[in-house]
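Examining the three-dimensional arrangement
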Amino acid sequence: MADQTHNDDDVQHEPTATSTWSRLLAGNRRFAQGKMTHAWQDRETRESLLDSQRPDAAVLSCSDSRVPPEIIFDAGLGDMFTVRTAGQIIDDSVLASLEYAVDKLHVSLLVILGHQHCGAIQAAETQLGVLASRVRHGDDSPETAQSLASVIDEIEAMDDAQAAETAQDQLEESLEHLVVEATSPIVRSVGPSVLQAYEAQLRNHEDIERVHIAHTIEELVDRSQPIQQALADERLMLVGARYCMDTGLVEVLSF
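For the structure given in this document, a descriptive report is provided here. Predicted model only: the values in this text are computed from it and were never measured. (Residues numbered from 1 in each chain as written. Predicted model: local features only at pLDDT ≥ 70, side-chain atom pairs only at ≥ 80, totals over all residues. Heavy atoms only, no water.)

**What to know about the state of the cysteines**
- Using the criterion set out here, one finds zero disulfides in the structure.
- For the unlinked cysteine Cys62, the closest cysteine sulfur is that of Cys118, found at 4.4 Å.
- A disulfide-free cysteine, Cys244 has its sulfur positioned 13 Å from the sulfur of Cys118, the nearest such atom. (Disulfide = S-S within 2.5 Å.)

So, in structure tokens, the structure goes:
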């Protein structure tokens, strides 16, 4: 909270975005090591926040029950303004919430936090396999559909290189259209990240998760003029990060 002093690295508030991020990462290291302090979770802190909130950071993260930002950053009441959706997808309410944090609460740091073993990404990849099978073989059955990787491998294994290139282009064009028209918000929002990763020859789930975080940041900046302005005015730092469940550590991403 902006009017209190935290112990980590002797950071004195009012904080800068960099010092806030350093404090959050220090809290994450404590969490990963099992040395949480659980600071700012007492009655006095709760009562001090009755009339107002003064978070230093906003976090957009997945709603997965294994990835609560306040816990993995060992943060306390009033420290961060958190918005959570499946696959950290963005809709109008998410935009409005984050813009409120930036323009009204004056957070200096906005973190887009993805995570390992993201179910939304796995679901989008599975559904893309169904759609790819439909495009390639006219098969609408999820039970008999191939994976997206298998459909692409099948095309790449064709003897005729020109025919393979044509089939690949047709598949990509069809999938891009089907993703835009999909009824599932997960497919519409996460599907483009999966397609972008595959087009870059990235099929590892961890790489796809990183691509999705980058895509989320790009979408957020494209759709939000207030966030664009805050970045241009250097009132806001935007960070991409990925939580690794097997280690407990947050991986900082640079794009």
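**Concerning the packing of aromatic side chains**
- Within this structure, the stated rule accounts for three aromatic pairs.
- Ring plane angle 50° and centroid distance 6.5 Å describe the contact between Phe31 and Tyr243, whose orientation is recorded as tilted. Of the two residues, Phe31 sits in helix 1 (residues 17-33) while Tyr243 sits in strand 4 (residues 237-243), which places them 212 residues apart along the sequence.
- Their ring planes at 45° and their centres at 6.1 Å tell us that Phe81 and Tyr100 sit as a pair that is tilted. One end of the pair, Phe81, is in strand 2 (residues 80-85); the other, Tyr100, is in helix 4 (residues 92-103), with 19 residues separating them in the sequence. (Phe/Tyr/Trp six-rings, centres within 6.5 Å; stacked < 30°, edge-to-face > 60°. Helix = DSSP H or I, 4+ residues; strand = E, 2+ residues; numbered from the N terminus.)

**Side note on the nonpolar core**
- With 29 residues, the main nonpolar core has Leu128, Leu148, Leu171, Leu175, Val190, Val194 and Tyr198 as its most contacted residues.
- Here this core takes seven residues from helix 8 (residues 185-199), the largest share from any one element.
- Contact partners of Leu128, with chain neighbours within four places excluded, come to Leu148, Leu175, Val179, Gly191, Val194 and Leu195.
- Formed by 21 residues, the second largest nonpolar core is a distinct cluster that contains Val83, Leu105, Ile227 and Leu236. (Core = buried A, V, L, I, M, F, W, Y, C linked by side-chain atoms within 4.5 Å. Buried < 20%, exposed > 50% of the residue type's maximum accessible area, 1.4 Å probe, protein only. Contact = heavy atoms within 4.5 Å.)

**Focus on helix 7 (residues 161-181)**
- Look at helix 7: 30 Å from first C-alpha to last across 21 residues, which is about the 30 Å you get at 1.5 Å a residue.
- Taken together, the buried positions of helix 7 are occupied by Ala164, Ala167, Gln168, Leu171, Leu175 and Val179. In a view along the axis of helix 7, the buried residues occupy a sector of 100°, so they form one face of it. The exposed residues of helix 7 that point more than 90 degrees off its buried face are Gln162, Glu173, Val180 and Glu181.
- Looking at the buried positions of helix 7, the neighbouring elements they touch are helix 5 (119-137), helix 6 (148-156) and helix 8.
- Among the residues of helix 7, the N-terminal cap falls to Asp160, whose side-chain oxygen and the backbone nitrogen of Gln162 are separated by 3.0 Å. (Expected span 1.5 Å × (residues − 1). Arc of directions from axis to C-beta. Polar contact = N/O pair within 3.5 Å; in protein donor to acceptor, adjacent residues only side chain to side chain.)

**Digging into helix 9 (residues 205-223)**
- Taking 1.5 Å of rise per residue, the 19 residues of helix 9 would be expected to cover 27 Å, and the 26 Å separating its terminal C-alpha atoms lies within 8% of that figure.
- Capping the start of helix 9 is the job of one residue whose side-chain oxygen sits 2.7 Å from the backbone nitrogen of Glu206: Asn204.

**With respect to the sheet that holds strand 3 (residues 109-115)**
- The five strands are arranged 2-1-3-4-5 in an open sheet whose pairing can be described as mixed. In this open sheet, the two edge strands, each paired with only one partner strand, are strand 2 and strand 5 (250-253). Direction aside, the axes of adjacent strands within the sheet are offset by 25° on average.
- Note: strand 4 against strand 5, four bridges, orientation antiparallel. (Pairing = 2+ DSSP bridges. Axes fitted to C-alpha atoms, helices over the stretch in contact; angles between N-to-C directions.)

**With respect to a negative patch on the surface**
- A cluster of acidic side chains, namely Glu165, Asp169, Glu173, Glu176 and Glu199, defines a negative patch on the protein surface.
- Ranked by residues supplied to the negative patch, first place goes to helix 7 with four residues. (Patch = residues over 30% accessible without salt bridge, like charges linked within 9 Å, V, L, I, M, F, W, Y side chains within 5 Å. Areas by Shrake-Rupley, 256 points an atom, 1.4 Å probe, with all protein chains shown as cover. Salt bridge = Lys/Arg side-chain N within 4 Å of Asp/Glu carboxyl O. Lys, Arg positive; Asp, Glu negative; His and termini not counted. Charge placed at Lys NZ, Arg CZ, Asp CG, Glu CD.)

**Some thoughts on the pattern of salt bridges**
- Inspection of the entire model under this criterion finds 17 salt bridges.
- The residue Arg235 makes a salt bridge to Asp103 at a minimum N-O spacing of 4.0 Å. Here Arg235, found in the loop between helix 10 (225-232) and strand 4, pairs with Asp103, found in helix 4; they are 132 residues apart in sequence, far enough to count as distant.
- Ionic contacts of the salt-bridge type, sharing partners, join the residues Glu206, Asp207, Glu209, Arg210, Arg242 and Glu251 into one network.

So, to be careful, I would describe these as geometric facts and stop short of saying anything about function.
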